[in-house]
Amino acid sequence: MVTSFSAIRFFFKEFAENLRRSPFVGLTHGLQVIISLMVLGFFVMLMVFIGAFLFSLRNMVEVYAFLQTDLPPERYVEIDKVLRDIPNVKELQYISREEALKKFSESYHISVEDILEYNPLPPTYILRPSDVSKIEQLASQLEEIDGMWQVRYGRKEVSSLMKVLVGVQVVFALTMLLLLSATFSSINNIVRMSIYSRRREIRIMQLVGATNWFIRWPFIIEGAFFGVVGAVTAVLIIYLIGEAVYSLLASLEIFLPTLVDVRMLFGFLALGTVAVGLIIGIVSSLTAANRFLSIEMRRIEEMRRMETAL
Amino acid sequence: MIKFVNVHLAYSTGTPALRGIDLHVQKQEFVFLVGGTGGGKSSVLRCVYREIVPQTGKVFVFKKDLTKMPAREIPYLRRRIGVIFQDFLLLPQKTVYANVAYALEVRGAPMKVLRQRVPEVLEWVGLSRKLKSYPEELSGGEQQRVCIARALVNKPDILLADEPTGNLDPETSIGIVELLQRVNVRGTTLVVATHDENIVNQFRTRTVRLEHGKITLDRLEGGY
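Residues numbered from 1 in each chain as written. Chains lettered and ligands numbered in written order. Predicted model: local features only at pLDDT ≥ 70, side-chain atom pairs only at ≥ 80, totals over all residues. Heavy atoms only, no water.

## Details of the overall build of chain B
Helix and strand counts for chain B stand at 7 helices and 10 strands. The C-alpha atoms of chain B give a radius of gyration of 17 Å, which matches the 17 Å a tight globule of 224 residues would have. Along the first, second and third principal axes, the C-alpha atoms of chain B reach 45 × 40 × 35 Å. By the burial criterion, 55% of the 224 residues in chain B qualify as buried. Accessible area of chain B: about 9,700 Å², with a carbon and sulfur share of 47%. Of the charged side chains in chain B, 32 are positive and 23 negative, and the gap between their average positions amounts to 9 Å. (Helix = DSSP H or I, 4+ residues; strand = E, 2+ residues; numbered from the N terminus. Rg over C-alpha atoms; globule rule 2.2 N^0.38 Å. Buried < 20%, exposed > 50% of the residue type's maximum accessible area, 1.4 Å probe, protein only. Areas by Shrake-Rupley, 256 points an atom, 1.4 Å probe, with all protein chains shown as cover. Lys, Arg positive; Asp, Glu negative; His and termini not counted. Charge placed at Lys NZ, Arg CZ, Asp CG, Glu CD.)

## A short note on the overall build of chain A
The secondary structure content of chain A amounts to 10 helices and 4 strands. Secondary structure elements in chain A, listed N-terminal to C-terminal, are α-α-β-α-β-α-α-β-α-β-α-α-α-α. Whereas a compact globule of 310 residues would reach a radius of gyration of roughly 19 Å, chain A reaches 32 Å, over 25% beyond that. Across its three principal directions, the C-alpha atoms of chain A cover 110 × 50 × 40 Å. By residue count, 39% of the 310 residues in chain A fall in the buried class. Taking the intrachain contacts of chain A between residues at least 6 apart in sequence as the baseline, contacts between residues at least 24 apart amount to 86%. Accessible surface computed for chain A: about 17,600 Å², of which carbon and sulfur atoms make up 66%. One finds the centroid of the 30 positive side-chain charges in chain A at a distance of 20 Å from the centroid of its 30 negative side-chain charges. (Contact = heavy atoms within 4.5 Å.)

## Some remarks on the domain arrangement of chain A
Here chain A is partitioned into domain 1 (2-57 + 160-309) and domain 2 (62-152). Placing a centre on the C-alpha atoms of domain 1 of chain A and another on those of domain 2 of chain A gives a separation of 55 Å. (Domains from an automatic or database assignment.)

## Quick word on the sheet that holds strand β3 (residues 30-34) of chain B
All names here are of chain B. An order of β6-β7-β8-β3-β9-β10 is seen for the 6 strands of this open sheet, with the pairing classed as mixed. Lying at the two open borders of the sheet, with one neighbouring strand each, are β6 (81-85) and β10 (214-219). Across the sheet, the mean angle separating the axes of adjacent strands is 15° when strand polarity is ignored. Strands β6 and β7 (158-162) of the sheet are contacted by helix α5 (residues 140-152), whose axis makes an angle of about 165° with β6. (Pairing = 2+ DSSP bridges. Axes fitted to C-alpha atoms, helices over the stretch in contact; angles between N-to-C directions.)

## Re a negative patch on the surface
Residue and element names in this part refer to chain A. A grouping of Glu 98, Glu 99, Glu 113, Asp 114 and Glu 117 is seen on the molecular surface, where their side chains present a negatively charged patch. Mapped by element, the contributors of at least two residues to the negative patch are α4 (97-108) and α5 (112-116). A relative accessible area of 70% means that Glu 117 is categorised as exposed. (Patch = residues over 30% accessible without salt bridge, like charges linked within 9 Å, V, L, I, M, F, W, Y side chains within 5 Å. Salt bridge = Lys/Arg side-chain N within 4 Å of Asp/Glu carboxyl O.)

## Concerning the pairing of β3 of chain B
All names here are of chain B. The element β3 is largely enclosed, with a buried count of 5 among its 5 residues. Neither face of β3 is left uncovered, since the one carrying Phe 30, Phe 32 and Val 34 and the one carrying Val 31 and Leu 33 both have all their residues buried. Pairing of β3 with strand β8 (residues 189-193) involves 4 bridges; the strand directions are parallel. Bridge pairing in β8 links Leu 33 to Ala 193.

## Overview of the packing of aromatic side chains
This structure, assessed with the given rule, holds 16 aromatic pairs over all chains. Here the aromatic rings of Tyr 94 of chain A and Tyr 125 of chain A are separated by 4.8 Å at their centres, their planes lie at 50°, and the arrangement is tilted. A residue pair is termed long-range when its members are at least 10 positions apart, and Tyr 94 of chain A in strand β2 (residues 89-95) and Tyr 125 of chain A in strand β3 (residues 124-129) qualify at 31 residues. For Tyr 94 of chain A, a relative accessible area of 36% puts it in the partly exposed group. Pairwise contacts between aromatic rings join Phe 10, Phe 11, Trp 213, Phe 214 and Trp 217 of chain A together with Tyr 102 of chain B into one cluster. Above the plane of the ring of Trp 124 of chain B lies Arg 182 of chain B, whose end atom (NZ or CZ) is 4.4 Å from the centre. In this structure, Arg 186 of chain B is placed above the aromatic ring of Trp 124 of chain B, and the distance from its NZ or CZ to the ring centre is 4.1 Å. (Phe/Tyr/Trp six-rings, centres within 6.5 Å; stacked < 30°, edge-to-face > 60°. Lys NZ or Arg CZ within 6 Å of the ring centre and 35° of its normal.)

## Thoughts on the packing of helix α2 (residues 23-59) of chain A against helix α9 (residues 212-251) of chain A
Residue and element names in this part refer to chain A. Where α2 contacts α9, the two axes come as close as 8 Å, and the packing angle between them is 50°. On the basis of the axis angle, α2 is oblique to α9. As α2 packs across α9, the resulting crossing turns out to be right-handed. Along the contact surface, α2 presents Gly 26, Gly 30, Val 33, Ile 34, Leu 37, Met 38, Gly 41, Phe 42 and Met 45, while α9 presents Phe 226, Gly 227, Gly 230, Ala 231, Thr 233, Ala 234, Ile 237, Ile 238 and Ile 241. Across the contact of α2 with α9, the residue classes tally to 12 nonpolar, 6 polar and no charged. (Parallel < 35°, antiparallel > 145°, perpendicular 65-115°, else oblique. Left-handed = near helix turned anticlockwise from the far one by under 90°. Nonpolar A, V, L, I, M, F, W, Y, C, P; charged D, E, K, R; others polar.)

## Brief notes about helix α6 (residues 135-143) of chain A
All names here are of chain A. Among the residues of α6, Ile 135, Leu 138, Ala 139 and Leu 142 are the ones counted as buried. Along the axis of α6, the buried residues cluster in a sector spanning 100°; they form a single face. α6 presents Glu 136 and Gln 137 as exposed residues on the side facing more than 90 degrees away from its buried surface. (Arc of directions from axis to C-beta.)

## Quick look at the interface of chain A and chain B
By convention, interface size is frequently given as the accessible area that disappears when the constituent parts associate. With 30 residues of chain A in contact, the opposing surface of chain B contributes 34 residues. A buried area of about 2,800 Å², summed over both sides, lies between chain A and chain B, and 57% of it is on carbon and sulfur atoms. Three residues stand out in chain A for area buried against chain B, namely Arg 200, Leu 207 and Val 208 of chain A, and they jointly supply 21% of the buried area on that side. Between the two partners, chain A and chain B, sit 3 salt bridges. When the shortest N-O distance is used, the salt bridge between Lys 13 of chain A and Glu 105 of chain B registers 2.6 Å. Seen at the junction of chain A and chain B, the total is 7 residue pairs in polar contact (both at pLDDT 80 or more). Of all elements in the fold, only α1 (5-21), α8 (199-207) and α10 (262-309) of chain A reach the threshold of two or more residues within the side of chain A that touches chain B. (Buried area = accessible area lost by both parts, 1.4 Å probe. Polar contact = N/O pair within 3.5 Å; in protein donor to acceptor, adjacent residues only side chain to side chain.)

As structure tokens, this is what we get:
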């Protein structure tokens, strides 16, 4: 492992030599890294927006529990107590028969009591589940309560919403995997080309007693460099495009719902992309170096064997 | 210093390279390994710097059994062994100074050591005026001297030379072997693989002949 300033100086000198040796390879693969990370960044932003929208829909899911109208008063008190003790409920709202009637009249501008001469609306509880995926369980729990008249919620809508959410998560994971693989492959190719163009040096290094870690370091630095530079460039492009789109939408006076804090999202995205670039850079260069070091030994063996046979 | 005990080596295709080699090289000894192509000379050297491991038998270097040596210890073994090749293995884009310094740099040696030891060793091999030259500007003999300087800069205990005069004319070859002899006189154990009859006959030192992977002659007074 690295032990001295001289060693670090040597690694950076070798890394600079790698860049100098194959600038076009570095440039083309570097562009691939930038494009992959930029698409990844845009994709993450888009998914965060879609995710935030879907989650905001999730929060709107409500269960309406209508009670029977002819229960003795003490039963209403008991039901209220039971409802307040039910788990998986983050919000509970009670609407009395009078309030329900008032709301109905306000909404439809008709006085139902005047027409029917009695209030047909039942006392109602509106429940917001803390876990939407368990909404069916909550509904059946409510239906089992003695004195319950009807339990309603958008069964179909909730099920569709859950399916969309799962689908979005799967697409998100697969696309991320694809883009990360593309970035990995680009950096891996850069480092492999560098290693190949420096195989003579590597051979000498091995013969004069350089450890495998010493041989790997300049390539790890190279991988990390392309990962970080690619990520920073991608983040800058995302920022510039994002600003332009925002200015355009603002000038067109298009209303943008504030689902997420865009500045904070961009901050996290920038840090995340750079971290991803760095990690992929290190891992892919390490993979390339390790692969070369193991293959090189076999290649030398083969070469010598052929020399001997001649 | 180097000890082979009943070493058998075959390459992956099954071609035997060494067949029951027993060899003992003492400290500060100068040994010529001679024989035709495919005799096993290079294989012996490669076993010493642990580039290959024999299938059976033992190879001891510095009293350590190389057949049992873990991979992580190989670089430290090689720091005590210098290797010279027929094709020099120099870096064409580096100067003579940089080529020699490289051997120290890859070990993480400080600049101070580089500045002191590299000119010193280049002067010793007679290249003090060629520090800034590139390999392609040098003659074959000079390139081999750079290679020797690179092998010596780490002050190895053993120096292995695989056909060091293979690409050189007879006169230059003698100059190179004289240089190697001086290395030996300074206390370094030397094993030189060669099929250059003239050299072996001129520098009368221990000669081991290898034919088809077997030692057919081991003569202290030398001669091809």
